[in-house]
Amino acid sequence: GRDYREVAEECQQRYDGLVDLVLVGNEAEQQQHDGLDESFEQTDDDWNDLIFAFCDYWPDVKKAGPGASSGHPWRLNGFRLDKLDYVSAHPVGKIPSDRLPQLLPTGWGFGPLSDWIDGYAALGKPLVVDEVVAPESELGAWGQAGYLVAMLKQLNDPRVALSMVYCWSDRMSPEKRM
């Protein structure tokens, strides 16, 4: 929709002095063949235009992006990460070292959290983990609690500047019960 520069300028005018960090972009590196209907696919040029707008109109606030969710750091090739203070990403379905296997459903997950941290940290920026996801509908109440504890414990890593748990509102994703 709207022009990136217009949005960046409006955000700066409205929120300057109230925020310490702006997350720029969300799941921008997803590709159409991934079949994710919630994806916000952008080309690297589109995302670069977005980050440049925020750099131009709001230079004094720290920036993180692009909210990578694919688990493939190489998909950020072409993204101007040098304009960011942090790389932000979502460790969707990653398995923490202390994975509490008795609490996780058989076959659940997409590889070790440690590999995911290593891959994104290799991009040379501190990490902002802006979506730690643990759907109760997939993990059950006990699995969800144990998973979140183990994830946040392992994300207490010197390469991770900030971690956030995603969506505690049943109204946002009623079918997933976060």
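Parameters and conventions
Residues numbered from 1 in each chain as written. Predicted model: local features only at pLDDT ≥ 70, side-chain atom pairs only at ≥ 80, totals over all residues. Heavy atoms only, no water. Axes fitted to C-alpha atoms, helices over the stretch in contact; angles between N-to-C directions. Helix = DSSP H or I, 4+ residues; strand = E, 2+ residues; numbered from the N terminus. Left-handed = near helix turned anticlockwise from the far one by under 90°. Contact = heavy atoms within 4.5 Å. Nonpolar A, V, L, I, M, F, W, Y, C, P; charged D, E, K, R; others polar. Pairing = 2+ DSSP bridges. Buried < 20%, exposed > 50% of the residue type's maximum accessible area, 1.4 Å probe, protein only. Lys, Arg positive; Asp, Glu negative; His and termini not counted. Salt bridge = Lys/Arg side-chain N within 4 Å of Asp/Glu carboxyl O. Expected span 1.5 Å × (residues − 1). Bend = angle between axes of the 7 residues up to and from the residue. Core = buried A, V, L, I, M, F, W, Y, C linked by side-chain atoms within 4.5 Å. Phe/Tyr/Trp six-rings, centres within 6.5 Å; stacked < 30°, edge-to-face > 60°.

A. Region of interest: the packing of helix H1 (residues 4-15) against helix H2 (residues 44-57). In contact at an axis separation of 8 Å, H1 and H2 are set at 35° when each is read in the N-to-C sense. The crossing of H1 and H2 is right-handed. Listed contacts from H2 to Tyr-4, Arg-5, Val-7, Ala-8, Glu-9, Cys-11 and Gln-12 of H1 are Asp-46, Asp-49, Leu-50, Phe-52, Ala-53, Phe-54, Asp-56 and Tyr-57. Taken together, the residues that form the contact of H1 with H2 break down as nine nonpolar, one polar and five charged.

B. View of the sheet that holds strand E3 (residues 86-89). With respect to topology, five strands assemble into an open sheet ordered E1-E2-E3-E4-E5, the strand pairing being parallel. Edge strands, defined here as strands with exactly one partner in the open sheet, are strand E1 (21-23) and strand E5 (160-165). Each strand of the sheet is rotated relative to its neighbour by a mean of 20°, with strand direction disregarded. Pairing analysis gives three bridges linking E1 to strand E2 (residues 62-68), with the strands arranged parallel.

C. Structural view of the side chain of Lys-94. By the secondary structure assignment, Lys-94 is in the loop between E3 and helix H3 (113-121). Asp-115 provides the closest opposite charge to the buried, unpaired Lys-94, separated from it by 8.1 Å. Setting aside residues no more than four positions away along its own chain, Lys-94 makes contact with Trp-108, Phe-110, Gly-111, Pro-112, Leu-113, Trp-116, Tyr-147 and Met-151.

D. Highlighting helix H4 (residues 136-154). For H4, with 19 residues, the first-to-last C-alpha span of 20 Å runs short of the 27 Å given by 1.5 Å per residue. A bend of about 85° at Trp-142 is the largest found in H4. Turning to H4, its buried residues number three or more, namely Leu-139, Gly-143, Gln-144, Gly-146, Tyr-147, Leu-148, Ala-150, Met-151 and Gln-154. Contacts made by the buried residues of H4 are with H3, strand E4 (127-132) and E5.

E. Spatial organisation of the pairing of E2. Burial within E2 is extensive, with six of its seven residues counted as buried. Across four bridges, the pairing between E2 and E3 is parallel. Note on E3: the bridge partner recorded for Ala-68 is Ala-89.

F. Spatial organisation of the nonpolar core. Within the largest apolar cluster, 37 residues are counted, with the highest numbers of intra-cluster contacts made by Trp-47 and Tyr-120. Counting residues per element, the ones that place at least two in this core are H2, E3, H3, E4 and H4. When residues of this core are assigned to their parent elements, the largest contribution, six residues, is made by H2. Ignoring any residue separated from it by four or fewer positions in sequence, one finds Trp-47 in contact with Val-24, Gly-25, Ala-28, Gln-42, Gly-65, Pro-66, Phe-79, Arg-80, Leu-81 and Leu-84.

G. Summary view of the packing of aromatic side chains. The final tally for this structure, using the stated rule, is three aromatic pairs. With centroids separated by 5.3 Å and ring planes inclined at 35°, the aromatic side chains of Trp-47 and Phe-79 adopt a geometry described as tilted. Separated by 32 residues along the polypeptide, Trp-47 in helix H2 and Phe-79 in the loop between E2 and E3 bring together distant segments of the chain. Here Trp-47 matches Phe-79 in class, with each residue buried. Ring geometry for Trp-108 and Tyr-147: centres 5.1 Å apart, planes at 85°, overall edge-to-face. With Trp-108 in the loop between E3 and H3 and Tyr-147 in helix H4, this residue pair connects regions lying 39 residues apart in the sequence.

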